[in-house]
Number of protein chains: 2
Amino acid sequence: MTTGEHISHKFDEDVEEVTTSVLNMGGLVVQQIEKSVKALLAGDKEMAEEVIEDDLKVNTFDVDIDEMCNSIIVMRQPTATDLRLIMAIIKTTSDLERMGDEAKRIARQAIDISKRGAFPEQFDSIEQMSTRVIGMLNKALDAFARRDVDESFNVIQVDKKVDKDYENLVRQQITYMMEDPRKIPVAIDLLWSSRALERIGDRACNICEYVIYLVKGKDVRHVEVKELEKHL
Amino acid sequence: MTTGEHISHKFDEDVEEVTTSVLNMGGLVVQQIEKSVKALLAGDKEMAEEVIEDDLKVNTFDVDIDEMCNSIIVMRQPTATDLRLIMAIIKTTSDLERMGDEAKRIARQAIDISKRGAFPEQFDSIEQMSTRVIGMLNKALDAFARRDVDESFNVIQVDKKVDKDYENLVRQQITYMMEDPRKIPVAIDLLWSSRALERIGDRACNICEYVIYLVKGKDVRHVEVKELEKHL
């Protein structure tokens, strides 16, 4: 092996290791979101508190992966594509960490709602929305693991449906509030929760955009979906 | 000059250049936030649309600064503190970009409200909150420029007041909604806007945490304020 090959081999090993960490972190974040929504729907205060506590674990992943990436940069001095990969990993981790924060926010609303007692019909659309968003995140992680541009592109398209889910939910809650002011406080909690879900969907898209950037070398972070279709 | 000194000198020049870009971007973001709030308070649709358009400029800064940082890493191969500095710049830029997105969200609410016509008393507390948040961001940028730990710490403490502003505003809007259901749609818009401001405050704190990390070498991203006081 030449020195160049040796470094490149080591780099690949390092990347594999850090990718595994990112996927583990992603798995934990998916779990946090699932639990926070479950707690919201069931008014389960204990489960919500668990989510809030476990956010520490998400944060630890964030700091550790950052450290790993920094030392890869120092040790392996990656250039071009390799550096782009490390940057994508750093950004993905940061998005996952913020998704964890959103799960914590949903858990806080769950605790709030568990104290108030809600009208069951108010929860109608949030479950569907959460299923869609969690599906997006799972697929985004998959696309990240396999550097799959097609899958990335699919996820970005699903986000339009999530945005629609969200708009419908807001409209519906406003109707409930106008019908019966007693529904206002819980409606507000549900609006925050649905906003959190909508942001999680946005961040799943961010991850997919990094994948596209990695594979295609195009920075699509600030490009509309239609433009994106033309590019690819 | 030895080769080492030469590289280090070049690195300093690069950092100065990229720092200037970050501060310019920060100035633009401050302006975007100010304009979005002004548009909200005055029901000024044109100004709101300007903010939405100018978000492109914020995004361009984001992509450009990222590129600059990547090429600094490749050209200068920074290690330890120098690499930490570049990472802090990348993260700061990303936070500024997201703040720009929040300004865009406020601008969208402004357009929405301009169509509805609002009850003036509903705007009472959002102006105060926005002044505080914009003050935080200006100070955070200042702390970033001068790597000022004390100033960073001050900003993080102001965030507690912003959180209080925000809680009060939510409570107040809920009261308005309960009193008069006609106030509900605008109240919802204002809740979103105040949430956006609250998030901008959080992100100003993020910037300050990077500064503390840079100077003190402590990663304080996930540490509570009390813990932080102990550390410093």
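Remember, predicted model here, so these are calculated numbers, not experimental data. (Residues numbered from 1 in each chain as written. Chains lettered and ligands numbered in written order. Predicted model: local features only at pLDDT ≥ 70, side-chain atom pairs only at ≥ 80, totals over all residues. Heavy atoms only, no water.)

Caption draft 1: Main features of the overall build of chain A. A tally of helices and strands in chain A yields 7 helices and 0 strands. Taken along the three principal axes of its C-alpha coordinates, chain A extends 75 × 40 × 20 Å. Looking at chain A as a whole, 55% of its 232 residues are labelled buried. When contacts within chain A are restricted to residue pairs at least 6 apart in sequence, long-range pairs at least 24 apart make up 82% of them. A total accessible area of about 10,200 Å² is found for chain A, and carbon and sulfur atoms account for 48% of it. Between the averaged position of the 32 positive side-chain charges in chain A and that of its 45 negative side-chain charges there is a distance of 4 Å. (Helix = DSSP H or I, 4+ residues; strand = E, 2+ residues; numbered from the N terminus. Buried < 20%, exposed > 50% of the residue type's maximum accessible area, 1.4 Å probe, protein only. Contact = heavy atoms within 4.5 Å. Areas by Shrake-Rupley, 256 points an atom, 1.4 Å probe, with all protein chains shown as cover. Lys, Arg positive; Asp, Glu negative; His and termini not counted. Charge placed at Lys NZ, Arg CZ, Asp CG, Glu CD.)

Caption draft 2: Spotlight on the interface of chain A and chain B. Taken together, the contact between chain A and chain B spans 43 residues of the former and 43 residues of the latter. Taken together, both faces of the contact between chain A and chain B bury some 3,700 Å²; the carbon and sulfur share is 57%. Taken together, chain A and chain B are joined by 8 salt bridges. One salt bridge in this structure joins A:Arg199 and B:Glu102, with 3.4 Å as the shortest N-O distance. Counting across the chain A and chain B interface gives 5 residue pairs in polar contact (both at pLDDT 80 or more). Per element, the largest residue contribution to the side of chain A that touches chain B is 12 residues, and it comes from helix 6 (residues 184-216) of chain A. For the side of chain A that touches chain B, the residue count by class is 21 nonpolar, 7 polar and 15 charged. (Buried area = accessible area lost by both parts, 1.4 Å probe. Salt bridge = Lys/Arg side-chain N within 4 Å of Asp/Glu carboxyl O. Polar contact = N/O pair within 3.5 Å; in protein donor to acceptor, adjacent residues only side chain to side chain. Nonpolar A, V, L, I, M, F, W, Y, C, P; charged D, E, K, R; others polar.)

Caption draft 3: Unusual backbone geometry, seen in detail. Residue and element names in this part refer to chain A. In this model, Arg 147 sits at a positive phi of 45°, which is unusual for a non-glycine residue. Position of Arg 147 among the secondary structure elements: in the loop between helix 4 (124-146) and helix 5 (149-179). Judged by its relative accessible area of 41%, Arg 147 is partly exposed.

Caption draft 4: Quick look at the nonpolar core. Counting residues in hydrophobic clusters, the biggest one holds 142 residues, and the most contacted among them are A:Met177 and B:Met177. With sequence-adjacent residues up to four places away left out, B:Met177 is seen in contact with A:Met177, A:Ile184, A:Ile188, B:Ile184, B:Ala187, B:Ile188 and B:Leu191. (Core = buried A, V, L, I, M, F, W, Y, C linked by side-chain atoms within 4.5 Å.)

Caption draft 5: Quick look at the relation of the copies chain A and chain B. Superposing chain A onto chain B takes a rotation of 180° plus a shift of 0.0 Å along the axis, which leaves an RMSD of 0.0 Å. With respect to symmetry, the two chain copies, as superposed, fit the operation of a two-fold axis. Considering only C-alpha atoms, the part of chain A nearest the rotation axis is A:Gln77, at 3.3 Å. Residue by residue, 100% of the interface of chain A is reproduced at the interface of chain B, so both copies engage with the same surface. (Least-squares fit on C-alpha atoms with pLDDT ≥ 70 in both.)

Caption draft 6: Structural detail: the state of the cysteines. For the coordinates displayed, the defined rule picks out 0 disulfides over all chains. A:Cys208 forms no disulfide, and the closest cysteine sulfur to it belongs to A:Cys205, at a distance of 6.2 Å. Between B:Cys69, a free cysteine, and A:Cys69, which holds the nearest cysteine sulfur, the sulfur-to-sulfur gap is 15 Å. (Disulfide = S-S within 2.5 Å.)

Caption draft 7: Representation of the UniProt feature "domain: PhoU" (unreviewed entry) in chain A within the structure. Residue and element names in this part refer to chain A. As recorded in UniProt, the sites labelled "domain: PhoU" (unreviewed entry) are residues 23-109 and 126-211. Between the end C-alpha atoms of residues 23-109 there is a gap of 27 Å, over a span that is 94% helix and 0% strand. The distance separating the terminal C-alpha atoms of residues 126-211 is 29 Å; by composition the span is 93% helix and 0% strand. (UniProt positions renumbered as here; feature names shortened; annotations may be inferred.)

Caption draft 8: Geometry of the pattern of salt bridges. Residues and elements named next belong to chain A. Inspection of every chain in the model, using the stated rule, returns 42 salt bridges over all chains. In this structure, the salt-bridge partner of Asp 54 is Lys 57, at a minimum N-O distance of 3.5 Å. Separated by 3 residues within a single helix, Asp 54 and Lys 57 lie in helix 2 (residues 45-76), roughly one turn from each other. Note that Arg 116 and Asp 112 form a salt bridge whose closest N and O atoms lie 2.8 Å from each other. With a gap of 4 residues between them, Arg 116 and Asp 112 both fall in helix 3 (residues 80-116), about one helical turn apart. In this structure Asp 112 comes out as partly exposed when scored by relative accessible area, which is 24%.

Caption draft 9: A look at the environment of A:Leu191. Its location among the elements puts A:Leu191 in helix 6. In this structure A:Leu191 comes out as buried when scored by relative accessible area, which is 2%. Not counting the four nearest positions on each side in its chain, A:Leu191 is found in contact with A:Leu169, A:Val170, A:Gln173, A:Met177, B:Ile188 and B:Trp192.

Caption draft 10: Seen up close, helix 2 of chain A. Residues and elements named next belong to chain A. The terminal C-alpha atoms of helix 2 lie 47 Å apart, and with 32 residues this matches the ideal 46 Å at 1.5 Å per residue to within 8%. The sharpest bend along helix 2 reaches about 25° and sits at Glu 53. The N-capping residue of helix 2, defined by a side-chain oxygen 3.2 Å from the backbone nitrogen of Glu 46, is Asp 44. Positive backbone phi, approximately 40°, marks Gln 77, located one or two places after helix 2. (Expected span 1.5 Å × (residues − 1). Bend = angle between axes of the 7 residues up to and from the residue.)

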